[in-house]
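Residue-level structure breakdown
Below, each chain spelled out in residue letters.
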Amino acid sequence: MSSVVAGPSTQPVLEVRDLRVSFEVSQGGFRAKRQLLRAVDGVSFTLHRGETLGLVGESGCGKSTTARAILRLVPSVAGRARVNLREDDGPPEWHDLLGASTSQLRGLRQHVQMIFQDPYASLNPRMTVGSIIAEPMQIFRLGNRRWIEENVEKLMREVGLDPRLKRRYPHEFSGGQCQRIGIARALALDPKVIICDEPVSALDVSIRAQVLNLLVDLQRRRGLAYVFIAHDLSVVRRISHRIAVMYLGKIVELADDHHLYAEPLHPYTEALLSAIPIPDPEKERARKRIALSGDVPSPTEEFAGCPFASRCHKVMPHCSEVMPKLLEHRPGHWASCLLHENDAAGAPQKSDAASSPQ
Amino acid sequence: MTDTLLEVRNLRTSFPTRDGIVRAVSGIDLTVARGASIGIVGESGSGKSVTNLTIMGLVPSPPAVIEADAISFEGVDLLTMRESRRRHLRGNRMAMIFQDPMTSLNPFLRIGEQLTEPLLVHGKASRRAAKDRAMTLLREVGIPDAERCMRAYPHQFSGGMRQRVMIAMALTCEPALLIADEPTTALDVTIQAQILEQMQRIRQEHGTAIVLITHDLGVAAGFCDEIHVMYAGKIVEEAATDDLFAQPRHPYTEALLRSVPRLDDETKAEFLPIRGAPPDLSQLPPGCSFAPRCDYRLDRCERVEPMLEPVEGRDSRRKSCHVDITRTQPVAANSTEESVP
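These numbers come from a predicted model, not from an experiment. (Residues numbered from 1 in each chain as written. Chains lettered and ligands numbered in written order. Predicted model: local features only at pLDDT ≥ 70, side-chain atom pairs only at ≥ 80, totals over all residues. Heavy atoms only, no water.)

Of the regular secondary structure elements, chain B holds 11 helices and 13 strands. Overall, chain B is about 65 × 50 × 45 Å in size when its C-alpha atoms are taken along their principal axes. For chain B, with 341 residues in total, the buried portion stands at 52%. Within chain B, contacts between residues at least 6 apart in sequence are counted, and of these 65% link residues at least 24 apart. Of the roughly 15,200 Å² of accessible surface on chain B, a fraction of 50% belongs to carbon and sulfur atoms. Each charge class in chain B can be summarised by its mean position, and for the 40 positive and 46 negative side chains these summaries are 6 Å apart. (Helix = DSSP H or I, 4+ residues; strand = E, 2+ residues; numbered from the N terminus. Buried < 20%, exposed > 50% of the residue type's maximum accessible area, 1.4 Å probe, protein only. Contact = heavy atoms within 4.5 Å. Areas by Shrake-Rupley, 256 points an atom, 1.4 Å probe, with all protein chains shown as cover. Lys, Arg positive; Asp, Glu negative; His and termini not counted. Charge placed at Lys NZ, Arg CZ, Asp CG, Glu CD.)

Given below as structure tokens:
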């Protein structure tokens, strides 16, 4: 079978280091004490050109907030996120996203675009499809009217929409087509990175495959890098080169797709994988499901040890006391679990660059 | 099967709208035996929810037009039944749980009040006995601190806990039939696994028949003994779960199974979508509704509507298709562009 996912290059395009986002929330009554909710608690990863990094986890694990913080749609309290604007394979030209001024940020956002979950809610219902796709090009003054007009038609063809429909409004399109419009808008500025936040979750299964194929196809043609946020691990497996599993604001495991599914190191990844139904009754009966007890704890809780300890099926006595570190246990395979901490390849290192997943 | 609980013959539910008559369900037969677990699988708009809401008597008519040759439940005809008697059945002998537990629970009432309500309304228990029963049920669906749960309000719970409460509520009167409409779709996968397991246990222990409505073929594969696949308001294929997944006989079932990426599939092969989009239910084509998207289409398919007929002479396995897809090569799809709205 032909492989559709092209191999990524080694040139990094997006680097996130120790990203932290927290919100002040009050829980309970009117005068309740304000608490700190750590939505993203020290997330680091590097994304390469032409690569898809899957970001998975259950609701509330901070995967969407991570994406939003990179684009500064929510303020982050600490960390770094930078984008490499170098076109060729030469030394990277890093531009800081989190420290950029408002006008600088605007320029940088041209290179990092986003596709949202709800295809209807993310399109202005009063604008025609043509003007929705043209708007980013007008804002960035990429060309004159004629040029923009032509580009809109080109983009529509590229995402599989008939350019004759450009004067129609979003409500005249189906969910799958609206998502194509959203993709065309994201492509309008010729970005290097597209952050896809659950791009197919709202679509029916038969339509889902159409949109996923389009994303893969665009990546191959344009060398795009994706951060692909989803809760459906079956989809993520097919589309991603590497996958990061998040739990309560932290990446608990990061590996290439083969190792993550075949030999998961973190008990949470194991449980997550075992819970996903497979459309094959015989396999379903033969599978052993790891039952997690209880719910995800509140992210306002303070943890001295591993945040997963309360639900873990492999919990050890010291798990709730010692915080595990995200360490590289095999080349490219990172996990934060005390079970494996002793056999990690090399002792934990102090330097930021060395101890962050590349 | 002799011990039939629910029997539906040629059910049709349609909604007159400004743009014409929307035929949400157009001719469904469904037989549910006591203690069975039946899956109804389909995409949004396939009529799976409307079918079950109609069976529950929860589709207001008018405006909806409901017609059927027969709907009988425990041997009683539901079609001609007065609303007051119907209400006596609902929540008592037949119960339903919905996708979104938050919108199905009353935010102003404590869980305990909502849980005991069915028993009190149906006059099945005293206040005290109802409370005991509610607590037992909460423990049964896996809520550890039942006492505290009874006094809590819905907003104090997570989605998974709320869905457990919903299940407990549906079970209070020990119904013979439980219709679960996408009960785990709004939940995370680890919680989904817990809930499905809980429901399976309840079915085994109480002999409750469960009709599970889902779009997730994986969920249906693990939960149901028998599956009905719906498309555009009709059942296009029905079979025992193992048979259906081993060899789908309807082109839609086959295409649906192929389009879903599987966790155990390590290839990076292209996704195989179904081209086009489902039909407009107010303008259904004269022949097979799936014909415009079908890779096996014959000329006849666009003119003559196929009937749901037994495959290989077995009554448990039926499909509505003119083509024997096991002996026919699909015609290569040459147009992948989506249809113009």
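From this point, the narrative continues.
Each partner contributes to the interface: chain A provides 55 residues, whereas chain B provides 47 residues. Surface buried jointly by chain A and chain B totals about 4,600 Å² across both partners, of which 55% is contributed by carbon and sulfur atoms. Ranking the residues of chain A by area buried against chain B places Val-205, Arg-238 and Pro-279 of chain A at the top, with a combined share of 17%. The interface formed by chain A and chain B holds 5 salt bridges in total. Note that Asp-265 of chain B is salt-bridged to Arg-238 of chain A, the shortest N-O span being 3.1 Å. Across the chain A-chain B interface, the total number found is 12 residue pairs in polar contact (both at pLDDT 80 or more). Sort the elements by how many residues they give to the side of chain A that touches chain B and helix 6 (residues 205–222) of chain A lands first, with 7 residues. Here the side of chain A that touches chain B is built from residues that sort into 23 nonpolar, 15 polar and 17 charged. (Buried area = accessible area lost by both parts, 1.4 Å probe. Salt bridge = Lys/Arg side-chain N within 4 Å of Asp/Glu carboxyl O. Polar contact = N/O pair within 3.5 Å; in protein donor to acceptor, adjacent residues only side chain to side chain. Nonpolar A, V, L, I, M, F, W, Y, C, P; charged D, E, K, R; others polar.)

To continue, consider the sheet that holds strand 4 (residues 78–84) of chain A. Residues and elements named next belong to chain A. Within the open sheet, the 4 strands sit side by side as 2-1-4-5. Their pairing is antiparallel. Either end of the sheet is taken by a strand with one partner, and the two such strands are strand 2 (34–48) and strand 5 (94–96). Ignoring strand direction, the axes of neighbouring strands in this sheet form an average angle of 25°. In the sheet, strand 4 pairs with strand 5 via 3 bridges, with the strands oriented antiparallel. Residue pairing for strand 5: Arg-82 is matched across the bridge by Asp-96. (Pairing = 2+ DSSP bridges. Axes fitted to C-alpha atoms, helices over the stretch in contact; angles between N-to-C directions.)

We now examine helix 1 (residues 63–70) of chain A. Residue and element names in this part refer to chain A. Most of helix 1 sits inside the fold, with 6 of its 8 residues counted as buried. All buried positions along helix 1 are accounted for by Lys-63, Thr-65, Thr-66, Ala-67, Ala-69 and Ile-70. At the C-terminal side of helix 1, Arg-72 shows a positive phi close to 60°.

Below, the discussion takes up the state of the cysteines. All names here are of chain B. In total, this model carries 0 disulfides over all chains according to the counting rule given. Free of any disulfide, Cys-173 has its nearest neighbouring cysteine sulfur in Cys-149, separated by 18 Å. Under the relative-accessibility criterion, Cys-173 is labelled buried at 3%. Counting only cysteine sulfurs, Cys-294 is the nearest neighbor of Cys-321, a cysteine outside any disulfide, at a range of 6.0 Å. (Disulfide = S-S within 2.5 Å.)

Turning to the sheet that holds strand 12 (residues 333–335) of chain A, a few remarks are in order. Residues and elements named next belong to chain A. Pairing in this open sheet of 8 strands is mixed, and the strands run 6-7-8-3-9-10-12-11 from one edge to the other. The open sheet has two edge strands with one neighbour each: strand 6 (112–115) and strand 11 (327–330). Averaged over all pairs of adjacent strands, the angle between their axes in this sheet comes to 25°, without regard to strand direction. As defined by bridge partners, strand 11 adjoins strand 12 across 3 bridges and the pair is classed as antiparallel. Looking at strand 12, one finds that Arg-330 is bridged to His-333. With respect to the sheet, helix 5 (residues 175–187) is in contact with strand 6 and strand 7 (193–197), its orientation differing from that of strand 6 by roughly 175°. Each of strand 9 (242–247) and strand 10 (250–256) touches helix 9 (residues 267–275); the most contacted strand, strand 9, lies at about 100° to it.

Opposite charge on two side chains permits them to pair, given that their charged atoms come into close proximity. With the rule as written, the count across this model stands at 53 salt bridges over all chains. Asp-41 of chain A is the salt-bridge partner of Lys-250 of chain A, the closest N and O atoms lying 2.8 Å from each other. Taken together, the residues Lys-250 of chain A in strand 10 and Asp-41 of chain A in strand 2 connect sequence positions 209 residues apart. Given the relative accessible area of 14%, Asp-41 of chain A is considered buried. The closest approach of N and O atoms between Asp-69 of chain B and Arg-12 of chain B, which form a salt bridge, is 3.6 Å. One end of the pair, Asp-69 of chain B, is in the loop between strand 4 (65–67) and strand 5 (70–73); the other, Arg-12 of chain B, is in strand 1 (residues 4–17), and 57 residues separate them in sequence. Using a relative accessible area of 54% as the deciding quantity, one classes Asp-69 of chain B as exposed. Several salt bridges share partner residues, and in doing so they unite Glu-158, Asp-190, Asp-217, Arg-220, Arg-221 and Arg-222 of chain A into one network.

Moving on to a positive patch on the surface. Judged by side-chain charge, Arg-110, Arg-128, Lys-131 and Arg-151 of chain B come together as a positively charged surface patch. Structurally, Lys-131 of chain B can be placed in helix 5 (residues 127–140). (Patch = residues over 30% accessible without salt bridge, like charges linked within 9 Å, V, L, I, M, F, W, Y side chains within 5 Å.)

This brings us to the nonpolar core. Ranked by internal contacts, the top residues of the largest apolar core, which has 70 residues, are Ile-183 and Phe-228 of chain A. Once residues within four sequence positions are removed from consideration, Ile-183 of chain A is found in contact with Ile-115, Val-159, Val-211, Leu-214, Leu-215 and Leu-218 of chain A. If you look at the next biggest cluster of nonpolar residues, it comprises 66 residues, including Leu-196, Ala-220, Ala-221 and Val-260 of chain B. (Core = buried A, V, L, I, M, F, W, Y, C linked by side-chain atoms within 4.5 Å.)

For the rest of this paragraph, the subject is the UniProt feature "domain: ABC transporter" (unreviewed entry) in chain B. The UniProt entry lists residues 6–257 of chain B under the feature "domain: ABC transporter" (unreviewed entry), expressed in the numbering used here. Each end of residues 6–257 of chain B is marked by a C-alpha atom, and these two atoms are 28 Å apart; helix forms 40% of the span and strand 27%. (UniProt positions renumbered as here; feature names shortened; annotations may be inferred.)

What follows is about the domain arrangement of chain A. Residues and elements named next belong to chain A. Under the domain assignment, chain A is made up of domain 1 (12–26 + 33–123 + 179–259) and domain 2 (267–341). Spacing between the C-alpha centres of domain 1 and domain 2 amounts to 23 Å. With both chains or domains summed, domain 1 and domain 2 bury close to 2,000 Å², and 62% of this area falls on carbon and sulfur atoms. Of all residues in domain 1, Leu-233, Tyr-247 and Leu-248 bury the most surface against domain 2, accounting for 31% of the area lost on that side. Taken together, the connections running from domain 1 to domain 2 amount to 2 salt bridges. Of the charged contacts in the structure, one is a salt bridge between Arg-311 and Glu-58, with a shortest N-O distance of 3.8 Å. For the pair domain 1 and domain 2, the number of links is 7 residue pairs in polar contact (both at pLDDT 80 or more). Every element with two or more residues in the side of domain 1 that touches domain 2 is listed here: strand 2, helix 7 (233–239), strand 9 and strand 10. (Domains from an automatic or database assignment.)

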